[in-house]
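Summary of structural features
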Amino acid sequence: MLIAAILLLFITIYNKYMLLFIISSSIKKTRKEVTSKGSGGMEVILSSLENTQDLQTTLNILAILNELLTVGGGRRTGVFVSKGGTAILLQMLVSSSKNPPANEELMLHIHTLLVKVGPKDRKFGVKSRLNGALNVTLNLVKHNLQNHKLLLPCLQVLRVYSSNLVNAVSLGKSGALEIMFEIIGPFSKKSTTLMKYVVLTSITAVLCVCSSGMNARRAVDRGYLPTLLSIYQDWHRHDTRHRHVVIRKSILACIKNLTNIKLGRKAFIDANGMRILYNTSTIYNCDVLQECLAVRTLDPLNDDDIETDIKKLRPIQVNTRPFDELRAYEYFCREFSEIFELHRPIIIPTTPSSLGPQNRRPLREDLVTPRPDESPLELDSISISKRPEGTADHDLVCSLGRLVVDGGVNGGSVDGLQDEGGEQAVLEVPDTAALLPLHDPDLYLEMVKSTRSVPAYTEVAYPDYFGHVALNLREPILERVYGVQRMKIFQDIERLIHSSDILDKVVYDLDNQSCPVTDNGESLKFNSKFESGNLRKAIQVRKFEYDLILNSDINSNHYHQWFYFEVSNMRPGVRYRFNIINCEKSNSQFNYGMQVLMYSVQDAINGSPHWVRTGSDICYYKNHFSRSSIAAGGQKGKSYFTLTFTVTFQHKDDVCYFAYHYPYTYSMLKMHLQKLSALRTAQIYYRQDDLCETLGGNSCPLLTITAMPESSSNDHISQFRSRPVVFLSARVHPGETNSSWVMKGTLEFLMSCSPQAQSLRESYIFKIIPMLNPDGVINGNHRCSLSGEDLNRQWQSPNAELHPTIYHAKSLLQYLRATGRTPLVFCDYHGHSRKKNVFMYGCSIKETVWQTNANTSTCDLQEDLGYRTLPKLLSQMAPVFSLSSCSFVVERSKEATARVVVWREIGVQRSYTMESTLCGCDQGKYKGLQIGTSELEEMGAQFCLALLRLRRYTSPLELQNHNSHLLDTENDLIDTRGIPNITSTTTYVLEEDEAAFLEEVDYSAESNDENDPDLEPDLQDNLALLDPSSDSEFSRQDSVN
């Protein structure tokens, strides 16, 4: 017997050390060989584990596996799963539990391994359920509530089990919730360090178990929510030194999970949870309180995206329309067939005619006829006088009424300006003619008369009438105080807790024209019934706080973002809070330093007609107003967002205007174009046509700008007609007013008398549509036209009736291509609400394919990289331009945009969208500053200068040097291919790329960090290019390297 026992012991020790030797030898060979395909190392270990009957050997193998998987990482765990390791562990767990009591050390090893393996095995939930492991682990937890060493891995495995919905329901039925709430207990000083992890893990398990609505309801029905609130209060009361914040935060996370269902929110309110968490207000309570606010539904207001199909990325080589259909667009290209007689001055007519009388759109009376309750006011003629700056009567603004145009769209005379008593007021117009050569108040009123709007606006906003003079001072990006967002949320929560303090008084309502306007001086007065105005309703919630509701785009239930409204009857020195409560975008630059814009009429009369950035305590966050299924496109539960800001007015009874960005109306465009045409000289070819009429009966201007031929000789005429075409457009999205200011800078430069402008006109023929969506601009839309559609998603198949501006713009481009005059550059000016700086989106087959890591060799993708030249030039010349923010990837969701369609169907290699920030810059000489109209206009001028340089790189004399530049660029692209998570010129640019704000809030939009791009040198030198007296443009050595 003794000999047999010795032999058995020897065999056991031998087996143990032989196994250790095998594993050790394999590890010494290389750990990779053990788990590589074709190697039997992992199979040997698993086979030994499955076949051994000795407990100690089993424990040794499990310990070795634990070390192996801990060091090996995800790849080694994946090999373990692929070899059937998960099933072996689960079978061992179940078989060991059949002979109670189970060995504690064995259970600890198995569950520790399952915690590592479970997340890597996609079928772990199914395997665990089929093997019967769920109840085994749950019973271990039930019988080891005081054994924290074993309890912790068991709870972690329960969490992994519960990631499968069926498992979660099964665990709930088996009493998992009851067991978890036995673990979560009141405050205790015993074993608090270990308790942190146990409670944290148990809470996580509860969250997973409650992931099914059935389990959440079960927890609420059994009264666990008041229990959690009581436990949280106990921990909060005793944890005065904040040593156990992890435990408190975990309890709050569990409460939040239970309040995801309607029944849980009701139980939370009934248990006085709002007041409990508000009184214990910590930073972690924000999510729960925000989730549990009574949900109110606002009525509707009247890498997978990257294209991978190479065929769709290649240009279409066939004409999509017969040339006979396109021949009518020859009318807009008369410069190519015009006979020039240059012995006398040539005046190119500016004609309002379109494609011909047969193609002009009839006016839609149902859209432009005033409503019965909106008849124009009958006032006497306006009396206007100009006063030098700084000499205005201080009390004049007090008597200002509204500037009204009689007859609205039907013409007529300017009817006047009245105070509230009906008496005529004299409007003091600031004399800004020297500062605003393209602005004329009288001319603006004339333009307003022919502008047709759906509500038939008869009023004119003072800022549009007076004009805006850019500030000389730079306005820095606002540094937001930490905690302001949490403070605003708590103030919103106070409305529910102290509901008796809430006024809830409607003071302005477009839907109810009989809405009472108080005369006691306690409420502000609002107005938005003017061109581009947008404010639907104003509700006074506290004495100095107002909730504002915006109009959706016409014929749409979406796109609440653009606002432009008037405020009056204010008190100076009082902090007024404004909350725009139905914004839709999930994040905004208002969270990163952007301020709203305000225009004071009193300041304008006093000689300071400026839009200025204003507001403090600005933040943008998700609120408790739920979007209806109609407004959310069939999705229920989507929330609106609140933009909140606080303003202190400086003048008594001032009239102030607030706007999302610097307004630029359609009437303002018409005024500017008429003033620009007056700048035409004998050297400038300038023609204005009406491309078409919109749905609302407004004309869409089309400009042709170039230089007149030097003479009528055949050589000069031939040179004139052989100039390449540059096609520019802007303002397809009405809320992106910054694009109009950039376009204004481009137009002013093109019409200037500087040598650079003349050289540019001699290099190109410009076709420009400065406003693609006049109706949307006029009616205060944010994104759509009167058809309720985003026009920049209609370029593939535009409808001549519903999308006339896009249909005719595309037809004109198709005509240019059919006649061999495909534009050299196409650029559509836009604005971007969630990024800083100015940047471009372009189109590239290679960069799109490389971004998807597709197995396509470089030789299969022949592409000239000239599309990168213009952005590179802009990055060297324009201080606000960021090359690192540019992207040349084609996404599926953008296939119907102007940029992609013009690139694919028209064959324009240099087809771009140029995006301008609504906020400011984080690079260059404007770093840390909010952008203004002067910087936007400067960008438009710099774009022209970049085109002038581009001409040199596209001329035959420069082709050799140009191609060498492209080769260098391609090498740079190849070097960066396959490097993930970097910010480079080839990286796919997400729409939201702002770094997360320090004040972490669960509902804020996800975003990626945006690295600061390299600063380009010699930006100061480029300012000289804007000086007409400077000829440095022609003396500098050009290089894009």
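Residues numbered from 1 in each chain as written. Predicted model: local features only at pLDDT ≥ 70, side-chain atom pairs only at ≥ 80, totals over all residues. Heavy atoms only, no water.

1. Here we look at the nonpolar core
The test is simple: Among the buried residues, those of types Ala, Val, Leu, Ile, Met, Phe, Trp, Tyr and Cys that are joined through side-chain atoms within 4.5 Å form a nonpolar core. Residue burial is assigned from relative accessible area. The probe radius is 1.4 Å, only protein chains are included, and a residue is buried under 20% of its type maximum, exposed over 50%, and partly exposed in between. Secondary structure elements follow DSSP: runs of H or I no shorter than four residues count as helices, runs of E no shorter than two count as strands, and numbering proceeds from the N terminus.
With 126 residues, the main nonpolar core has Phe526 and Phe578 as its most contacted residues. In terms of residue count, helix H35 (residues 933-954) provides more of this core than any other element does, 11 residues in total.

2. Notes on the packing of aromatic side chains
Threshold: Stacked, edge-to-face and tilted labels apply to pairs of Phe, Tyr and Trp rings (six-membered ring for Trp) whose centres lie within 6.5 Å, assigned for plane angles under 30 degrees, over 60, and everything in between, in that order.
Tallied over the full model, the rule gives 38 aromatic pairs. For the pair Tyr278 and Phe490, a centre-to-centre distance of 5.9 Å together with 80° between the ring planes defines the contact as edge-to-face. Here Phe323 and Tyr815 contribute two aromatic rings whose centre-to-centre distance is 6.0 Å and whose plane-to-plane angle is 20°, an arrangement assigned as stacked. Note that Phe323 is positioned in helix H20 (residues 323-326) and Tyr815 in helix H31 (residues 804-818), a separation of 492 residues in sequence. Residue classification places Phe323 among the partly exposed positions, given a relative accessible area of 31%. The exposure class assigned to Tyr815 is buried, which follows from its relative accessible area of 6%.

3. Here we look at the sheet that holds strand S20 (residues 725-730)
Within a sheet, each strand pairs with its neighbour through backbone hydrogen bonds, oriented either parallel or antiparallel. To be explicit about the condition: Note on pairing: two strands pair once DSSP finds at least 2 bridges between them. For helices, the fitted axis covers only the stretch in contact; all axes are lines through C-alpha atoms, and the angles between them, taken along N-to-C directions, range from 0 to 180 degrees. Note on definitions: a residue-residue contact is assigned when non-hydrogen atoms from the two residues lie within 4.5 Å.
Ordered in space as S18-S19-S21-S20-S22-S24-S23, the seven strands form an open sheet in which the pairing is mixed. Two strands close off the open sheet at either side, each with one partner strand: strand S18 (684-693) and strand S23 (838-841). Averaged over neighbouring strand pairs, the angle between their axes works out to 20° when direction is ignored. Where S20 meets strand S21 (residues 765-769), five bridges bridge the pair, whose relative direction is parallel. Its bridge partner being in S21, Val725 is matched across the sheet by Ile765. Its contacts with the sheet put helix H26 (residues 666-677) on S18 and strand S19 (699-707), and the angle it makes with S19 is roughly 30°.

4. Some words on the environment of Lys670
Following the sequence through the fold, Lys670 ends up in helix H26. With 29 residues separating them along the chain, Lys670 and Ser699 place their C-alpha atoms 9.9 Å apart. Here Lys670 is in contact with Met447, Ser450 and Thr451, once residues within four sequence places are set aside.

5. Here we look at the side chain of Arg783
Worth spelling out the cut-off: N or O atoms closer than or at 3.5 Å make up a polar contact, with two conditions inside protein: a donor-capable atom paired with an acceptor-capable one, and, for residues adjacent in sequence, both atoms drawn from side chains.
Looking at the element boundaries, Arg783 is found in the loop between helix H30 (774-778) and H31. Within the structure, the side chain of Arg783 is placed 2.8 Å from the side chain of Asp790, a separation counted as a polar contact. Leave out the neighbours within four places in its chain, and Arg783 touches Asp553, Tyr559, Val732, His733, Pro734, Glu736, Asn773, Asp790 and Arg793.

6. Re the UniProt feature "active site" (unreviewed entry) in the chain
What counts is decided by this rule: UniProt positions are given in the numbering used here, feature names are shortened, and annotations may be inferred rather than shown by experiment.
UniProt's entry tags Glu915 with the feature "active site" (unreviewed entry), counted in the numbering of this structure. Taking the relative accessible area as the measure of exposure, Glu915 reaches 8% and is therefore buried. The residues contacting Glu915, other than those within four sequence positions of it, are His830, Gly831, His832, Asn837, Val838, Phe839 and Tyr841.

7. What about the pairing of S18?
Side chains on a regular strand alternate between the two faces of the sheet. Counting buried positions over the 10 residues of S18 gives 10, a clear majority of the element. In this sheet, S19 lies alongside S18 in antiparallel orientation, the contact comprising nine bridges. Each bridged residue has a counterpart across the sheet, and for Ile684 the counterpart in S19 is Ala707. Connecting S18 to the next strand, S19, in antiparallel fashion are five residues, including Gly697 with a positive phi near 85°.

8. With respect to helix H33 (residues 869-877)
Counting buried positions along H33 gives eight out of nine residues, so the element sits mostly inside the fold. Within the sequence span of H33, burial applies to Thr869, Leu870, Pro871, Leu873, Leu874, Ser875, Gln876 and Met877.

9. Structural notes on the environment of Ser752
Mapped onto the elements of the fold, Ser752 is located in the loop between helix H28 (738-750) and helix H29 (755-763). For Ser752, a relative accessible area of 21% corresponds to the partly exposed category. Between the alpha carbons of Ser752 and Leu679 there is a distance of 7.7 Å; along the sequence they are 73 residues apart. In this view, Ser752 contacts Ile684, Ala757 and Arg761; residues no more than four positions away in its chain are not counted. A distance of 2.7 Å separates a polar side-chain atom of Ser752 from the backbone oxygen of Phe749. Here the side chain of Ser752 touches Ser754 through a polar contact of 3.5 Å, side chain to side chain.

10. Section: the sheet that holds strand S11 (residues 564-568)
Spatial ordering of the open sheet is given by S8-S11-S17-S13-S14, a layout of five strands whose pairing is antiparallel. Both outer strands of the open sheet, strand S8 (525-527) and strand S14 (611-614), are each paired with one neighbouring strand and no more. Each strand of the sheet is rotated relative to its neighbour by a mean of 30°, with strand direction disregarded. Relative to S11, S8 runs antiparallel, the two being bridged by three bridges. Bridging from a neighbouring strand, Asn527 pairs with Glu566 of S11.

11. So, helix H13 (residues 213-221)
Residues Asn215, Ala216, Arg218, Ala219 and Val220 constitute the buried set of H13. Phi for Gly223, located one or two positions after H13, is positive at around 80°.

12. Observations concerning the packing of helix H14 (residues 224-238) against helix H15 (residues 245-258)
Spelled out, the test is: In this scheme, roughly parallel covers angles under 35 degrees and roughly antiparallel covers those over 145, while 65 to 115 is roughly perpendicular and the rest are oblique. Note on convention: near helix rotated counterclockwise from far helix by under a right angle means a left-handed crossing. Clockwise means right-handed. As a working rule, the residues Ala, Val, Leu, Ile, Met, Phe, Trp, Tyr, Cys and Pro are called nonpolar, Asp, Glu, Lys and Arg charged, and the rest polar, with Gly in that last group.
One way to put it is that H14 packs onto H15 with a least axis distance of 10 Å and a crossing angle of 160°. Classified by the angle between their axes, H14 and H15 sit roughly antiparallel to one another. Handedness of the H14/H15 crossing: left-handed. Judged by residue contacts, Leu225, Leu228, Leu229, Ile231, Tyr232, Trp235 and His236 of H14 engage Ile247, Arg248, Ile251, Leu252, Cys254, Ile255 and Leu258 from H15. When the residues that make up the contact of H14 with H15 are grouped by side-chain class, the tally is 12 nonpolar, one polar and one charged.

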